[in-house]
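Chain and residue survey
Listed below are the residues making up each chain.
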Amino acid sequence: MESTRFVLINTSHAGNVGAAARAMKVMGFGDLVLVAPRFADVLCHEEAVAMASGAADILARARVVPTLAEALDDVDFACATAMTPRDFGPPTREPRALFAELAAREAAPRLALVFGSERYGMSNEDVYRCHAVLSIPTHPDYGSLNLAQAVQLLAYDLRQALGGFGVQARTPDPELADARAVQGLLDHLQAALTDIGYLDPAAPKKLMPRLNQLFNRAGLTNEEVHILRGIARQMQKTAVPAGPR
C-alpha cells in the first residue's frame, strides 16, 4: 500500500492536478495516473507546476492513459470517491476504517484511489470497476470538497493507517538547570527581594520554599535561570537603601 496509485479521471483544471501532486507528496505517495484529462499537456502546464509547489517530480513521473481500465492495470483493490449508484454497486465505506482493514491484511493489496472529474464526478460505469466507494465524513449540510482537498484527506488517512510519520522537532530539547543552579537563583532572589523590602529576613514565612516549588514545577532551563538572575541583579541596582529608623 506504500505504492498506492492516485487516479484522476477527466480533470479539467491544471491547478488541481498540481495541487493533488503536492497533497500526495507530503504524505509520501508518488504514483499519479491521469485518465483522459481535458488538456493533453496538463502535466507540464504552468499552473499545474506552480500548484505542485515542489512536487514537480510527481508530475514528471505521472502517466496519462485513455481509459480507467488501463489506469487500474495491476491494481488489486480500487476505491472510488463518488456517490454509490442507486441501482447497485460496491459497498460504501468510511476511509479510515477501510484503510486500517486493508493495511492489517497479511498480504496488503496494491491499492488505487480513484477521483472523478471536477465537473461531474465519476460515471456509474467507472464506479462499478471499483471494490469500494469511499465517503469522507463531512458536515451533513455541506460536503463539497475540492479535488485536491479530497486527495489530501484520503492520503492522510491512508498514511496514518500505514503507521504515519513521526513529528520532527525544529528545536533541540532544552537543557534543564540542575539543583545547584536553581539554588543559586533562589539565594540571589532572596537577597534581591530583601534589598527591595519585599522579604523580611526576620519573618520570611514560606516565600522562598514556595518559590523553590514553583521553579521545580516549571522545570527551568539554564537560560531561564540566567534571565531571572539578571532580573535579580537589576532589582539590587535599583533598590533604594533603607534610611535610619
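The written sequence of each chain sets the order in which its residues are numbered from 1. Selection of residues for local features in this predicted model requires a pLDDT of at least 70, selection of side-chain atom pairs for listing and counting requires 80 or more, and totals for whole chains, interfaces and linings are taken over all residues. Think of the side-chain values as coming from all heavy atoms in the structure, minus any hydrogens and water.

**Brief notes about helix H8 (residues 179-195)**
Here a helix means four or more residues in a row that DSSP labels H or I, a strand means two or more in a row labelled E, and each is numbered from the N terminus. Expected helix span is given by 1.5 Å per residue-to-residue step, counting one fewer step than there are residues. Taking 1.5 Å of rise per residue, the 17 residues of H8 would be expected to cover 24 Å, and the 24 Å separating its terminal C-alpha atoms lies within 8% of that figure. Residues Val182, Gly184, Leu185, Leu186, His188, Leu189, Ala192 and Leu193 constitute the buried set of H8. By the convention used here, residues are in contact when the closest approach between their heavy atoms is within 4.5 Å. Next to the buried residues of H8 lie helix H9 (207-218) and helix H10 (222-238). With its phi angle positive at about 85 degrees, Gly197 sits one or two positions after the end of H8. A simple rule labels every residue: compare its accessible area, found with a 1.4 Å probe on the protein chains alone, to the largest value its type can have, and call it buried under 20%, exposed over 50%, or partly exposed in between.

**Overview of the layout of surface pockets**
The method works on a 1 Å grid over the protein atoms by themselves. A cavity is a set of points holding a 1.4 Å probe that cannot get out, a pocket is an open set with protein on both sides within 12 Å along at least five of seven lines, and residues with an atom within 4 Å of a point line them. Grid points are joined across faces, edges and corners, and a volume is the space filled by probe spheres set on the points. Roughly 710 Å³ of volume is contained in the largest pocket. Residue lining of the largest pocket: 28 residues in total, with Thr81, Ala82, Met83, Gly143 and Leu145 positioned closest to the centre. Sorting the residues of the lining of the largest pocket by element identifies helix H6 (124-128), strand S7 (132-134) and helix H7 (147-161) as the ones contributing at least two each. It is H7 that provides the largest number of residues to the lining of the largest pocket, a total of three residues. Each residue gets one of three labels, nonpolar for Ala, Val, Leu, Ile, Met, Phe, Trp, Tyr, Cys and Pro, charged for Asp, Glu, Lys and Arg, and polar for the others, Gly among them. Across the lining of the largest pocket, the residue classes tally to 14 nonpolar, 12 polar and two charged.

**Details of the packing of aromatic side chains**
When the centres of two rings from Phe, Tyr and Trp lie within 6.5 Å, Trp using its six-membered ring, the rings pair. Their planes under 30 degrees apart give stacked, over 60 give edge-to-face, and anything left gives tilted. On inspection of all chains with the given rule, the structure shows three aromatic pairs. For the ring pair Phe6 and Phe115, a centre distance of 6.4 Å and an interplane angle of 5 degrees mean the geometry is stacked. Of this pair, Phe6 sits in strand S1 (residues 5-9) while Phe115 sits in strand S6 (residues 111-115), and the two are 109 residues apart along the sequence. Phe115 sits in the buried class, given a relative accessible area of 1%. Taking 4.6 Å as the distance between ring centres and 5 degrees as the angle between the ring planes, the aromatic pair formed by Phe88 and Tyr128 counts as stacked. Taken together, the residues span a long stretch of sequence, with Phe88 in the loop between strand S4 (77-81) and strand S5 (92-93) and Tyr128 in helix H6 at a distance of 40 residues. When the NZ atom of lysine or the CZ atom of arginine is within 6 Å of a ring's centre and also within 35 degrees of its normal, the charge is said to sit over that ring. Sitting above the plane of the Phe29 ring, Arg159 keeps its charged end 4.7 Å from the centroid.

**Observations concerning the pairing of S6**
Extensive coverage of S6 is indicated by the burial of five of its five residues. Every second residue of S6 is oriented toward a common face, with Leu111, Leu113 and Phe115 on one face and Ala112 and Val114 on the other, all of them buried. Each pair of strands is called paired provided DSSP finds at least two bridges between the two strands. Sheet analysis places S1 next to S6, joined by four bridges and oriented parallel. Across the sheet, the residue bridging to Arg5 is Ala112, located in S6. Bridge count between S4 and S6: five bridges; the pairing is parallel. Each residue of the ladder has a partner; that of Cys79, found in S6, is Leu113.

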